[in-house]
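Structural features, examined
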Amino acid sequence: MGNKLILLFVILGFSVTPALAATITVSPGQSIQSAANAANPGDTIIVVTGIYNETVSVSRPGITFEADGLVNTDGFYITGNNTIVTGFIFDDVPGYGVNVRSNGSIIKNNTITKARNACIFVAGQNNLIENNDCSYTIQPYTNGGDADCFRFFGGGHIFRGNYCHDMPIDGVLVRDPHMDGFQTWNWSVMGGVGHDTIFEKNVVIFPENGKGWNIEEGAYNITIKNNVILANLIVLIIDGNNISFLNNTFVGGIGISDGLHLWRTNANVYNNIFAHQRQRVIENIDSSATITAGNNCYIDYGIMLPANPGDIRSTNALFANESKRDYHLQSSSPCLGKGAFDYSPSLSGDLNADSHVNIFDYNILVAGFGTKYNIFDYNMLVGNFGK
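These lines cover the structure that appears in this document, whether it is placed above or below. Worth saying up front: this structure is predicted, and the values here are computed from it rather than measured.

As a further point, take the overall build of the protein. Along the backbone of the protein there are four helices and 31 strands. Looking at the protein residue by residue over its 387 residues, the buried ones come to 50%.

Right, dumping it as structure tokens:
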């Protein structure tokens, strides 16, 4: 059987390392799609430097795709669970750079330029989107459309260390877009509206237009922490529940800039730097949002909520080098060391990590309420009690 398997790969033109999990090498002139069709769960496909004019459809689970050098292709469409795509270049692609509709997949260390609508689309459960570079997204329709970096649906995802930048409105490829770093809404794809998702250590640079996040239509349990965002509007949230903003640096763009626009949303906002939101910093748009906030540092700001415990207000954050977008803090910054504890709520209420939400978790919450836990943790625990 093993010899027949090797012979099959030889006929297809790929070199194979015979093992329980095979390594398949694809070189210029060969097809990544053919390799994907021939691979089995656990196999790794190494793609050698070159240009591959194909969009690769991946339906089999557990296959890893690795770029060896500068590999440019037209994108990936992934329905197979536990797929890994790492190190590729997607330049001027006909759709999304990577379209993920699976569970447990990893999209990492890729560079996407001139995708249509968004660089990466993610739906399903428990996918990791890490260290990808997205720029110059194209607005695909003459009558409008978006030019986003990332779209997310379903839950359990982690977006970590991604870089979204350079989305100029040129009047041709990008005309009048809704330009978002990250976007979700209630759409009938795998998992529906985004939920139970963490955003950490991402950087979005939209100095002239756009938003860091556009979260609408019932998204819930979203944690946004340790990100750096430069934009004219940091966040728009409509009908969100249990949205946390923790330890971020939010910087206003050119001209009149806004911070958080919250409609019918429950949010907690702690330990963030808000700089140059000269119009509104945190706005309860229709007076129906529930906002818990504290220990934020407000710099060169406009209209904002009443003062909260631990807030710092100043005219200069003393960033290391703001003109070069280095938002580290100088040692004399008024914001340095002024944050409090991490108010991030548990996404399940299982505070003792025993896979159940019960009276033991409730006792832990009561003992730490107001110092380690807050109302959002309580709501999560009650909603999952007995599970």
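From this point, things continue past the structure.
Evaluated as defined, the whole model comprises 24 aromatic pairs. On the numbers, 5.9 Å between centres and 65° between planes, the contact of Phe 152 with Phe 159 is edge-to-face. Taken as a pair, Phe 152 and Phe 159 share a single burial class, namely buried.

What follows is about a nonpolar patch on the surface. Taken together, the side chains of Ile 359, Phe 360, Tyr 362 and Val 366 define a hydrophobic patch exposed on the protein surface, amounting to about 380 Å² of accessible area. Relative to the assigned elements, Phe 360 resides in helix α3 (residues 359-368).

As a further point, take the state of the cysteines. Applying the stated criterion to the full structure yields three disulfides. Note that Cys 119 is cross-linked by a disulfide to Cys 134, the S-S spacing being 2.0 Å. Because the torsion about its S-S bond is 75°, the bridge between Cys 119 and Cys 134 counts as right-handed. Taken together, the residues span a long stretch of sequence, with Cys 119 in the loop between β9 (111-113) and β10 (120-125) and Cys 134 in strand β12 (residues 133-135) at a distance of 15 residues. Residue Cys 119 is classed as buried on the basis of its relative accessible area, which comes to 0%. The disulfide partner of Cys 297 is Cys 335, and the gap between their sulfur atoms is 2.0 Å. Where Cys 297 bonds to Cys 335 through sulfur, the torsion about that S-S bond is close to -65°, and the disulfide is left-handed. Remark: Cys 335 occurs in the loop between β31 (326-329) and α3 and Cys 297 occurs in strand β28 (residues 297-299); sequence separation between them is 38 residues. This pair shows no difference in class: Cys 297 is buried, exactly as Cys 335 is.

Attention shifts here to α3. The set of residues buried in α3 consists of Asp 361, Leu 365 and Gly 368. Down the axis, α3 shows its buried residues gathered within 75° of arc, on one side only. Every exposed residue of α3 that faces more than 90 degrees away from the buried side is listed here: Phe 360 and Ala 367.

Attention shifts here to the environment of Ile 215. With respect to the helices and strands, Ile 215 occurs in strand β18 (residues 203-215). Each C-alpha atom, one on Ile 215 and one on Gln 183, is 5.7 Å from the other, the two residues being 32 residues apart in sequence. Those residues within four positions of Ile 215 in sequence are excluded, and the remaining contacts are Phe 152, Thr 184, Ile 222, Ile 224, Leu 236, Ile 237 and Ile 238.

Right, let's get into unusual backbone geometry. Despite not being glycine, Asn 117 has its phi angle at roughly 75°, a positive value. Secondary-structure assignment places Asn 117 in the loop between β9 and β10. The class of Asn 117 is buried, set by a relative accessible area of 12%.

Here we come to the nonpolar core. When a protein is soluble and globular, its nonpolar side chains tend to lie buried together. Grouped together as the largest cluster of nonpolar side chains are 65 residues, with contacts concentrated most on Phe 65, Phe 76, Phe 245 and Leu 260. Beyond its immediate chain neighbours, meaning those up to four positions away, Phe 245 contacts Ile 224, Val 235, Ile 237, Phe 250, Leu 260, Ala 267, Asn 268, Val 269, Tyr 270 and Asn 272. Listed in part, the eleven residues of the second largest apolar core include Val 251, Ile 299, Phe 319 and Cys 335.

This brings us to the pairing of strand β20 (residues 228-238). Here β20 lies mainly inside the structure; nine of its eleven residues are buried. Pairing of β18 with β20 involves eight bridges; the strand directions are parallel. If you follow Ile 215 over to β20, its bridge partner there is Ile 237. Strand direction decides the pairing type here: β20 and strand β22 (residues 249-252), joined by four bridges, are parallel. For Val 228, the partnering residue across the bridge sits in β22 and is Thr 249. Note that β20 and strand β23 (residues 258-263) share five bridges and pair parallel. Of the residues in β23, the one forming a bridge with Leu 236 is His 261.

A word on the pattern of salt bridges. In this structure the tally under the stated criterion is nine salt bridges. Across the pair Asp 92 and Arg 116 runs a salt bridge whose closest N-O atoms are separated by 2.8 Å. Of this pair, Asp 92 sits in the loop between β6 (89-91) and β7 (98-103) while Arg 116 sits in the loop between β9 and β10; the two residues are 24 residues apart in sequence, bridging distant segments of the chain. Residue Asp 239 is joined to Arg 264 by a salt bridge in which the shortest nitrogen-to-oxygen separation is 2.6 Å. With Asp 239 in the loop between β20 and β21 (241-246) and Arg 264 in the loop between β23 and β24 (266-270), the pair connects residues that are 25 residues apart, well separated along the chain. For Arg 264, a relative accessible area of 41% puts it in the partly exposed group. In the salt-bridge network here, residues are joined through shared partners; they are Lys 108, Glu 130, Arg 160, Glu 200 and Lys 225.

Basis of the calculations
Residues numbered from 1 in each chain as written. Predicted model: local features only at pLDDT ≥ 70, side-chain atom pairs only at ≥ 80, totals over all residues. Heavy atoms only, no water. Helix = DSSP H or I, 4+ residues; strand = E, 2+ residues; numbered from the N terminus. Buried < 20%, exposed > 50% of the residue type's maximum accessible area, 1.4 Å probe, protein only. Phe/Tyr/Trp six-rings, centres within 6.5 Å; stacked < 30°, edge-to-face > 60°. Patch = residues over 30% accessible without salt bridge, like charges linked within 9 Å, V, L, I, M, F, W, Y side chains within 5 Å. Areas by Shrake-Rupley, 256 points an atom, 1.4 Å probe, with all protein chains shown as cover. Salt bridge = Lys/Arg side-chain N within 4 Å of Asp/Glu carboxyl O. Disulfide = S-S within 2.5 Å. Arc of directions from axis to C-beta. Contact = heavy atoms within 4.5 Å. Core = buried A, V, L, I, M, F, W, Y, C linked by side-chain atoms within 4.5 Å. Pairing = 2+ DSSP bridges.

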